Amino acid sequence: MQGYNFAYLDEQTKRMIRRAILKAVAIPGHQIPFASREMPLPYGWGTGGIQVTAAVIGANDVLKVIDQGADDTTNAVSIRGFFARTAGVRTTTKTEEASLIQTRHRIPEQPLREDQILIYQVPMPEPLYKLEPGKAKARRRHALAEYGEMHVKLYEDITRFGRVAVAYDHPVMVNERYLMSPSPIPAFDNPKMHRMAALQLFGAGREKRIYAVPPYTNVRSLDFEDHPFHPGRADQKCALCGDEKSYLDEIVIDDQGGRMFACSDTDYCQGRRG
Amino acid sequence: MSVLLEARGLEKKFGRVTALDHVSMALRRHEILAIVGESGSGKSTLLNVLAGRLSADAGAVLYDGGDGLAPLAALGEAGLRKLQRARWGFIQQDPRAALRLDVSAGGNIGERLMAGGAQHYGAIRETAAKWLDAVEIDPARLDDLPKYFSGGMLQRLQIAATLVTGPEMVFMDEPTGGLDVSVQARILDLIRGLVRRLGVAVVIVTHDIGVARLLADRLIVMRHGRIVESGLTDQVLDDPHHEYTQLLVSSVLPA
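In this text the structure is predicted, and so the values were computed from the model without any measurement. (Residues numbered from 1 in each chain as written. Chains lettered and ligands numbered in written order. Predicted model: local features only at pLDDT ≥ 70, side-chain atom pairs only at ≥ 80, totals over all residues.)

Student: Can you help me understand the overall build of chain A in this one?
Tutor: Along the backbone of chain A there are 7 helices and 12 strands. Radius of gyration (C-alpha) of chain A: 19 Å, near the 19 Å computed for a compact globule of 274 residues. Out of the 274 residues belonging to chain A, those deemed buried represent 44%. In chain A, once contacts between residues fewer than 6 apart in sequence are set aside, the share between residues at least 24 apart is 62%. (Helix = DSSP H or I, 4+ residues; strand = E, 2+ residues; numbered from the N terminus. Rg over C-alpha atoms; globule rule 2.2 N^0.38 Å. Buried ≥ 20, exposed ≤ 12 C-beta atoms within 10 Å, placed from the backbone. Contact = placed C-beta atoms within 7 Å.)

Student: Explanation requested: the overall build of chain B in the structure shown.
Tutor: A tally of helices and strands in chain B yields 10 helices and 10 strands. A compact globule built from 255 residues should have a C-alpha radius of gyration of about 18 Å, and chain B, at 18 Å, falls within 12% of that. Viewed in the frame of its principal axes, chain B has a C-alpha envelope of about 55 × 45 × 35 Å. Out of the 255 residues in chain B, the part that is buried amounts to 45%. Long-range pairs, those at least 24 residues apart, make up 66% of the contacts in chain B with a sequence separation of at least 6.

Student: I'm lost on the pairing of strand 1 (residues 3–14) of chain B in this one. Help?
Tutor: Looking along a regular strand, one sees the side chains alternate between the two faces of the sheet. Residues and elements named next belong to chain B. Summarising the sheet, strand 1 and strand 2 (residues 17–28) pair through 9 bridges and their orientation is antiparallel. Across the sheet, residue Lys12 finds its bridge partner in strand 2, namely Leu20. Remark: 2 residues form the turn of the hairpin made by strand 1 and strand 2, two consecutive strands paired antiparallel; Gly15 in that turn has positive phi of roughly 65 degrees. Where strand 1 lies against strand 4 (residues 58–64), 5 bridges are found, and the strand directions are antiparallel. Directly across from Glu11, in strand 4, lies its bridge partner Ala58. (Pairing = 2+ DSSP bridges.)

Student: Would you mind going over the nonpolar core with me for this structure?
Tutor: Grouped burial of nonpolar side chains is what soluble globular proteins tend to show. Residues Leu50, Ala160 and Val202 of chain B are the most contacted members of the largest nonpolar core, which totals 137 residues. Sort the elements by how many residues they give to this core and helix 6 (residues 151–163) of chain B lands first, with 7 residues. Aside from chain neighbours lying at most four places away, what touches Ala160 of chain B is Ile109, Trp131, Leu132, Ala134 and Val135 of chain B. Counting 9 residues, the second-largest nonpolar core is a separate cluster that includes Leu248, Ala262, Cys263 and Tyr268 of chain A. (Core = buried A, V, L, I, M, F, W, Y, C linked by C-beta atoms within 7 Å.)

Student: How do you make sense of the interface of chain B and chain A when you look at a structure like this?
Tutor: A common way to state how big an interface is: give the accessible area lost once the parts meet. Taken together, the 18 residues of chain B in the interface contact 14 residues of chain A. Of all the elements, helix 4 (residues 105–115) of chain B adds the most residues to the side of chain B that touches chain A, at 6 residues. For the side of chain B that touches chain A, the residue count by class is 6 nonpolar, 9 polar and 3 charged. (Nonpolar A, V, L, I, M, F, W, Y, C, P; charged D, E, K, R; others polar.)

Student: When you look at unusual backbone geometry in this model, what are you seeing that I'm missing?
Tutor: Backbone phi values are negative for most residues with the exception of glycine, while trans is the configuration of most peptide bonds. Despite not being glycine, Gln68 of chain A has its phi angle at roughly 55 degrees, a positive value. Its location among the elements puts Gln68 of chain A in the loop between strand 2 (62–67) and helix 3 (74–86). According to the C-beta neighbour criterion, Gln68 of chain A is partly exposed, with 19 such atoms within 10 Å. One non-glycine residue, His224 of chain B, adopts positive backbone phi at about 50 degrees. Judged by local crowding, His224 of chain B falls into the partly exposed class, with 15 C-beta atoms found within 10 Å.

Student: In this structure, what is going on with the packing of helix 1 (residues 11–26) of chain A against helix 2 (residues 47–56) of chain A? I would like to understand it.
Tutor: Any two packed helices are characterised by the angle at which their axes cross and by the distance between the axes. Residue and element names in this part refer to chain A. It is at 9 Å that the axes of helix 1 and helix 2 come closest, and there the two elements cross at 100 degrees. With respect to their mutual orientation, helix 1 and helix 2 come out roughly perpendicular. Mapping the contact onto sequence places Lys14, Ile17, Arg18 and Ile21 in helix 1 and Gln51, Val52, Ala54 and Ala55 in helix 2. A per-class count over the contact of helix 1 with helix 2 returns 5 nonpolar, 1 polar and 2 charged. (Axes fitted to C-alpha atoms, helices over the stretch in contact; angles between N-to-C directions. Parallel < 35°, antiparallel > 145°, perpendicular 65-115°, else oblique.)

Student: Honestly, the environment of Ile251 of chain A in this entry has me stumped. Any pointers?
Tutor: Residues and elements named next belong to chain A. With respect to the helices and strands, the residue Ile251 is situated in strand 11 (residues 248–252). When the 12 C-beta atoms within 10 Å are taken as the criterion, Ile251 is described as exposed. The spacing of Ile251 and Ile107 is 144 residues in sequence and 20 Å in space, taken between C-alpha atoms.

Student: I would appreciate a short explanation of the environment of Arg87 of chain B in the present structure.
Tutor: All names here are of chain B. Within the fold, Arg87 resides in the loop between helix 2 (76–86) and strand 6 (88–91). With 16 C-beta atoms packed within 10 Å, Arg87 lands in the partly exposed category. The spatial distance from the C-alpha of Arg87 to the C-alpha of Gly199 is 13 Å, given a sequence separation of 112 residues. Discounting chain neighbours no more than four positions away, the residues touching Arg87 are Pro167 and Glu168.

Student: I keep staring at the sheet that holds strand 10 (residues 219–221) of chain A and nothing clicks. Help me out?
Tutor: By way of backbone hydrogen bonds, the strands of a sheet pair with one another, either parallel or antiparallel. All names here are of chain A. One open sheet holds the 3 strands; their spatial order is 7-6-10, and the pairing between them is antiparallel. Edge positions in the sheet fall to strand 7 (178–180) and strand 10, since each of these pairs with one other strand and no more. Taken pair by pair, the neighbouring strands of this sheet meet at an average axis angle of 30 degrees, ignoring direction. Both strand 6 (residues 172–174) and strand 10 contribute to a ladder of 3 bridges, which runs antiparallel. The residue bridging Met173 from the neighbouring strand is Arg220, located in strand 10.

Student: Got a minute to help me understand helix 7 (residues 266–273) of chain A in this structure?
Tutor: Each full turn of the α-helix corresponds to 3.6 residues, which orients residues three or four apart in the same direction. Residue and element names in this part refer to chain A. Buried within helix 7 we find Thr266, Asp267, Tyr268 and Cys269. Residues of helix 7 that are buried in the fold lie against strand 12 (259–263). Count one or two residues on from helix 7 and you reach Gly274, which has phi positive near 80 degrees.

Student: Just checking my understanding: could you explain the packing of helix 6 of chain B against helix 7 (residues 181–198) of chain B for this structure?
Tutor: Residue and element names in this part refer to chain B. Contact geometry of helix 6 with helix 7 gives a least axis separation of 10 Å together with a crossing angle of 10 degrees. The angle between helix 6 and helix 7 falls in the class roughly parallel. Here helix 6 runs over helix 7; the crossing is right-handed. Contact residues: Gly152, Gln155, Arg156, Ile159 and Leu163 in helix 6; Val183, Ile187, Leu190, Ile191, Leu194 and Leu198 in helix 7. (Left-handed = near helix turned anticlockwise from the far one by under 90°.)

Student: Explain the sheet that holds strand 2 of chain B here, please?
Tutor: Residue and element names in this part refer to chain B. Pairing in this open sheet of 4 strands is antiparallel, and the strands run 2-1-4-5 from one edge to the other. Looking along the sheet, the strands with just one partner apiece sit at the ends: strand 2 and strand 5 (69–71). If you compare each strand with its neighbour and ignore which way they point, the axes differ by 20 degrees on average.

Next comes the structure, spelled out in structure tokens:
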């Protein structure tokens, strides 16, 4: 495309982001500040993820973008179109064909491989945010690995609701050192992060932070010994493909209270239906 | 008894105001030491410096964590915070500042346990209930939010939340200030009973001579950032030598 550098960002900016990514990979789960740029989409739509993607994408990459598991939502279609135009790369909706997958709020059902990179869009990178609103103080806690209070939140949930009530963005301990927000993926997806073969990169544009989980890194969801972590899932099967193990969306289909459950990962669902 | 905490030549200035002027003192194991003096005498500053919450301009605080007296500064920030989270405690005048009001009583008591790595929900809960009982709050209120507690109950809750890790030393800053007299008396009774039973060493700051007389083994009288008199509580209060101490003792209203 004329008038734009390859993949929209200029080369100096990409180098700056790559440096942040290298640091992030070297210290799994640790948030690295970076000079987040204005992107041609609003904050909250994936400005962090799109910058990470722009920094790592090459001419031979095949890009897949999902939003809540779906390839055909506005956000996913626009970001895919954006890179098709500014980088001229091939795009796909098939998980196994993609070398880069930018995602909002889901991890694909199909296990990822070593030659793939998963890029998360992150709204709030700080897992301690709700317990410790002071950012300087929160950083100090990360430095000293003082994470015990995170359990206070879980304690309260169990006391009030009988179980841990966070269904998404359930905090994880990475490499037994840094507490990390997995971005608002459902708790159902947390176990997939553990020792994943693919590199996982996280970009938070508004908060100007990048962090990473290198391949085959331990990722443990916080829990209590007597209340183990529970990856929640609707107790239904997919109305389209009949799967009983995948993560389901509940979809309202009429104004008579009718609803159906269907796989949130559209590519996985289509693959099963053949 | 061996010295647990020692201060040597502490100096602290806030602008032109001298809060601590060459203060040296020692606290022994299992001992209750009261620091008395009027407002602005530097007693709270001394407490905060001793507890490692404030750094002095000069001088050192030494602590015996098991292998002899060593300067707090040598512990580093991580080491100091570890001490403060488990082996030391700090009870503030205003429990609202110390507690999480939107977290249940059990969660507040359990916080220090969880910060220390406790990860068994049932065990934390059981300990919390036991401590509520120990500070004379009905254990049925374990899941209630502290914002519905009275001032006296909040202070009891703070005491439970501090003592739950079995600290060897607790700093108290006017723990009964702001409470009405009958509640004060019961809280003092509770503190006296608990610290004696657990053998905790205590440094308590108070402007109330009565509190010092009731609780403390030894007494330090401060004025203008200086220690003007110190000794056994009864000795100092019954036979005050320094004129300022005499003034303090004589200004207590007869009961």
